[in-house]
Amino acid sequence: MEKWKKRFSRRTRVEKMLDEFTVKSAPAWGFFALVAVYIAANVFVNLTSASEGFIIINNQRVMHRTLTGAFSSIDNLCIVMLVVLYKKPGFIAAIVALLVQFPSLLIRMIQGNYSVIPGFFTNILMIVTVSILRAFIERSASFQAKMRDQALTDRLTGLPNRFAVTELMDGMIRKNEPFAIALINLNYFKNINNAMGQQAGDKALVQLADRWQKLAESGKTGTRDIVACQNGNEFAVIIRDYHSEEMLHRSVECYAEALKEKIVIDDSDFVLSASFGYASFPADAKDSETLFDNAYAAMIRAKTTDHTGYICRFTEDMIDSGQAIETARRIREALDKGRLFFKLQPQFDMDHRLRGFEALARMTDENGNLIPPGDFIPVAEKSGLVERIDHEVLFGATEFIGRMVKKYHSGVVLSVNASVRHLLRNGFVEEVKTALERSGLPPEQLEIEITESIMIDSVEKAIDCIHQITALGVHIAIDDFGTGYSSLSYLNSFPVDVLKVDQSFIIKMHSGEASKQYVAAIIAIGHVMNFRVVAEGVEETDQLEDLREIGCDYIQGFLWGKPMSPEEAEKLMEAEWKHSQTQK
Ligand code: C2E
Ligand code: MG
Ligand code: MG
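Residues numbered from 1 in each chain as written. Chains lettered and ligands numbered in written order. Predicted model: local features only at pLDDT ≥ 70, side-chain atom pairs only at ≥ 80, totals over all residues. Heavy atoms only, no water.

(A) The arrangement of the site of ligand 1 in detail. Lining the immediate environment of ligand 1, one finds 23 residues, of which Arg 362, Asp 390, Asp 479, Glu 539 and Phe 558 sit closest. Note that an oxygen atom of ligand 1 is positioned 2.9 Å from one of the side-chain N or O atoms of Glu 358. At 2.5 Å, a side-chain N or O of Glu 539 approaches a nitrogen atom of ligand 1. Relative to its unbound accessible area of 790 Å², ligand 1 is 80% covered by the protein chains. Taken together, the elements giving at least two residues each to the shell around ligand 1 come down to strand E11 (354-364), helix H13 (373-383), helix H14 (386-408) and strand E15 (475-481). Top element by residues in the shell around ligand 1 is E11. It accounts for 4 residues. Here the residues of the shell around ligand 1 sort into 9 nonpolar, 6 polar and 8 charged. (Near = heavy atom within 4 Å. Polar contact = N/O pair within 3.5 Å; in protein donor to acceptor, adjacent residues only side chain to side chain. Areas by Shrake-Rupley, 256 points an atom, 1.4 Å probe, with all protein chains shown as cover. Helix = DSSP H or I, 4+ residues; strand = E, 2+ residues; numbered from the N terminus. Nonpolar A, V, L, I, M, F, W, Y, C, P; charged D, E, K, R; others polar.)

Have a look at this one:
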């Protein structure tokens with residue numbers, strides 16, 4: 001009950017503000033004009049109905065009384081317009097106007113003036129009509145309000161949603177009222193969802209929304225604020241009534257401070273962190289869309305700066321990241337609208353027997369154009385979206401390959417890329433475990449590809465995490481080997497199973513014996529350390545022959561297979577299975 005009361009009061013507060021900005025109500029002078037016309041017409045009705053006078057038109061007598069009907073219609077029209085245009089006040093005015101006539105009508109009837117009888121019944125009928133009209137208007141208005149409420153409210157938190165934010169911003173811009181918009185993106189929020197389940201994540205969001213809402217209402221920020229929920233783990237605060245940049249910054253800081261207090265869900269404590277970016281009207285943009293983009297750019301800058309809870313104010317130099325912002329928007333949209341999918345590129349042993357597949361993320365824009373991962377993965381890594389991409393690919397590909405493994409009793413290995421950022425998060429191991437449980441894919445048939453940069457980023461944590469993954473039985477491959485920080489001593493401390501030699505070395509093999517020997521050395525070291533070696537990007541037969549000669553274990557490249565759809569991958573597995581059946 002309390003919860004609903006709270007939500008209701010939030011709704012009405014924001015609704016009122018939105019109404020202030022958006023709902024066009026009829027002007028007050030119109031109300032008085034209608035009342036004045038009504039009174040004047042009424043006076044004429046009374047005068048003409050009792051009059052025996054006449055005027056001459058075209059040599060004919062026209063009694064004053066004949067005009068009574070016309071004035072009476074004007075009266076009724078005024079009454080209806082009052083009810084329709086001025087809602088409750090109009091209805092009250094109309095009822096009062098109709099009721100006050102009864103005493104005089106009754107007195108005249110008692111005095112024997114029966115000509116007022118039609119007027120008496122018209123009055124009663126008008127009261128009935130006006131009441132029905134009012135009930136009808138109220139019902140449709142409450143339905144409209146409900147629809148509007150649903151369209152403008154975030155269902156989980158009860159806060160205004162992104163549409164409400166846009167409407168509010170447009171309203172303030174129209175009124176030329178200065179304000180700022182702060183965007184807040186929770187860092188690593190999926191941790192909670194992954195570790196505790198979606199419901200716990202929802203509870204955390206509701207608690208946080210309440211906390212920020214209370215802060216906004218308390219006025220402790222020193223400014224007048226409206227907290228909104230953009231979507232999932234993204235919030236917005238509209239800040240008004242600040243008199244200086246310092247005041248504005250302090251207000252945003254209050255929301256960051258409020259995050260430091262722990263959140264308790266089902267007896268577990270969580271401390272959330274978030275990235276804050278803000279921009280103000282009219283200093284940073286003249287329209288809501290640009291202002292929003294600018295605040296978003298500032299938020300992305302905050303996210304990519306290595307401080308947790310960092311707050312960034314928009315500055316002009318961030319506009320350079322416009323392209324990245326657009327890409328981040330597209331990624332978000334693709335994820336939300338299911339336009340992110342995966343392809344599978346086959347890997348073979350040197351005898352052209354299928355070893356397995358690497359799952360590679362693919363994304364299309366709203367027009368169906370394919371955007372290559374080289375364009376969106378780096379942006380996704382910076383904006384934190386890569387975790388969602390990895391998640392989609394991991395769950396989608398394990399589900400598919402798990403099914404195929406059961407169907408064709410296949411021993412294929414599925415390789416999945418994991419960004420360093422994602423891997424180092426708490427909860428990654430849980431995610432892998434869940435994917436295995438859901439898909440039924442045997443752990444030894446899953447391989448997680450990580451890049452060497454993990455060795456620089458956070459060695460201790462990385463080693464710990466990789467040990468946990470291998471403890472599940474899952475294999476680890478080092479992707480793009482040779483392009484980064486190839487420390488053999490670190491490599492030695494990782495329980496790695498596979499080295500993937502980067503395509504750039506395979507391409508160079510042609511340029512001379514030294515380059516070929518370099519690849520040979522990598523393969524030899526790999527074998528000494530007990531790793532299998534995969535050559536990436538094999539496009540030509542010569543490369544294949546060289547690799548065979550220097551003892552490479554597996555190849556992955558356009559020569560034997562491009563990234564393909566799951567349907568095509570199934571055909572390949574089916575052919576492999578049929579072949580194995582004939583061998584028996
Ligand atoms: P990667 O993991 O090294 O994947 C191999 C890339 O080489 C793929 O590019 C593949 O299409 C390409 N390739 C394979 N054979 C050949 C060949 O013979 N010739 C040429 N020219 N290219 C070949 P793609 O699919 O464009 O992916 C690029 C990179 O994006 C990947 O490199 C990986 O680092 C990243 N990526 C792709 N999917 C994901 C994902 O789901 N999560 C993460 N975190 N990163 C991903
Ligand atoms: Mg890879
Ligand atoms: Mg690679």
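(B) Spotlight on the coordination of the magnesium ion (ligand 2). Around the magnesium ion (ligand 2), the donor atoms from the protein are Glu 358 (OE), Asn 417 (OD1), Glu 449 (OE) and Asp 479 (OD), and they sit 2.0 to 2.2 Å away. Along the chain, the residues that donate to the magnesium ion (ligand 2) are spaced as E-x58-N-x31-E-x29-D. The metal-metal distance between the magnesium ion (ligand 2) and the magnesium ion (ligand 3) is 4.0 Å, with Asp 479 coordinating both. Within this pair, whereas Glu 449 is found in strand E14 (residues 446-451), its partner Asp 479 is found in strand E15, the two being separated by 30 residues in sequence. (Donors = N, O, S within 2.8 Å, 3.2 Å for Na, K, Ca; no water.)

(C) Region of the structure containing unusual backbone geometry. The omega angle of the peptide bond from Phe 281 to Pro 282 is 5°, so this bond is cis rather than trans. Position of Pro 282 relative to the elements: it lies in the loop between strand E8 (274-281) and helix H11 (288-304). Phi at His 352 takes a positive value of approximately 65°, unusual for a residue other than glycine. Mapped onto the fold, His 352 is located in the loop between strand E10 (340-349) and E11. Of note in the backbone geometry, Asp 480 takes a positive phi value of approximately 50° without being a glycine. Along the chain, Asp 480 turns up in strand E15.

(D) Molecular detail of the coordination of the magnesium ion (ligand 3). Only Asp 479 (OD), Asp 480 (OD), Glu 536 (OE) and Glu 536 (OE) from the protein reach the magnesium ion (ligand 3) as donors, at distances of 2.0 to 2.5 Å. Written as a sequence motif, the donor residues of the magnesium ion (ligand 3) are D-D-x55-E. Take Asp 480: its relative accessible area is 25%, and that puts it in the partly exposed class. (Buried < 20%, exposed > 50% of the residue type's maximum accessible area, 1.4 Å probe, protein only.)

(E) Representation of the domain arrangement of the protein chain within the structure. If you check the domain split of the protein chain, you get domain 1 (26-152), domain 2 (162-319) and domain 3 (342-583). On a C-alpha basis, the centroid separation for the pair domain 2 and domain 3 is 38 Å. Across the contact, 7 residues belong to domain 2 and 10 residues belong to domain 3. Our count for the contact surface shared by domain 2 and domain 3 stands at 0 residue pairs in polar contact (both at pLDDT 80 or more). In terms of residue class, the side of domain 2 that touches domain 3 is built from 2 nonpolar, 3 polar and 2 charged. (Domains from an automatic or database assignment. Contact = heavy atoms within 4.5 Å.)

(F) How the structure looks around the packing of H14 against helix H23 (residues 566-583). Where H14 contacts H23, the axes come no closer than 11 Å and their chain directions differ by 25°. The angle between the axes of H14 and H23 places the two elements in the roughly parallel class. Crossing geometry of H14 relative to H23 is assigned as right-handed. Contacts between H14 and H23 involve Phe 400, Ile 401, Met 404, Lys 407 and Tyr 408 from the first element and Pro 566, Ala 569, Glu 570, Met 573, Glu 574 and Trp 577 from the second. (Axes fitted to C-alpha atoms, helices over the stretch in contact; angles between N-to-C directions. Parallel < 35°, antiparallel > 145°, perpendicular 65-115°, else oblique. Left-handed = near helix turned anticlockwise from the far one by under 90°.)

(G) Summary view of the nonpolar core. The biggest cluster of nonpolar side chains holds 106 residues, and the ones touching the most others in it are Ile 401, Leu 446, Ile 448 and Leu 547. Among the elements that make up this core, the one with the highest residue count is H14 (11 residues). Two domains share this core, each providing at least three of its residues, namely domain 2 (162-319) and domain 3 (342-583). Membership of the second largest hydrophobic core comes to 36 residues, among which are Leu 186, Ala 200, Ala 256 and Ala 258. (Core = buried A, V, L, I, M, F, W, Y, C linked by side-chain atoms within 4.5 Å.)

(H) Broad picture of the pattern of salt bridges. Summed over the entire model, instances satisfying the criterion amount to 27 salt bridges. Across the salt bridge formed by Glu 447 and Arg 355, the nearest N and O atoms sit 2.6 Å from each other. Here Glu 447 is found in strand E14, whereas its partner Arg 355 is found in strand E11, with 92 residues between them in sequence. The exposure classification of Glu 447 matches that of Arg 355, with both residues buried. A salt bridge links Glu 536 to Lys 500; its shortest N-O distance comes to 3.9 Å. Pair noted here: Glu 536 is in strand E17 (residues 532-536) and Lys 500 is in strand E16 (residues 498-501), with a separation of 36 residues, a long-range link. A single salt-bridge network, built from bridges that share partners, covers Glu 326, Arg 329, Arg 330, Glu 333, Arg 339 and Glu 366. (Salt bridge = Lys/Arg side-chain N within 4 Å of Asp/Glu carboxyl O.)

(I) How the structure looks around helix H9 (residues 198-218). Taking 1.5 Å per residue, 21 residues should reach 30 Å; H9 reaches 30 Å between its end C-alpha atoms and fits that length. Taken residue by residue, H9 has Ala 200, Gly 201, Ala 204, Leu 205, Leu 208, Ala 209, Asp 210, Arg 211, Trp 212, Gln 213, Leu 215 and Ala 216 as its buried positions. Once H9 finishes, Gly 219 follows within two positions and takes phi at roughly 75°, a positive value. (Expected span 1.5 Å × (residues − 1).)

(J) Examining the pairing of E11 more closely. For E11, a buried count of 11 out of 11 residues is recorded, marking the element as mostly surrounded by other parts of the structure. Pairing analysis gives 9 bridges linking E10 to E11, with the strands arranged antiparallel. Residue pairing for E11: Gln 347 is matched across the bridge by Gly 356. Hairpin geometry of E10 and E11 is characterised by an intervening segment of 4 residues between the two adjacent antiparallel strands and by a positive phi of about 65° at His 352. Counted between consecutive antiparallel strands, the loop separating E11 from strand E12 (residues 370-371) contains 5 residues, among which Gly 368 sits at a positive phi close to 85°. (Pairing = 2+ DSSP bridges.)

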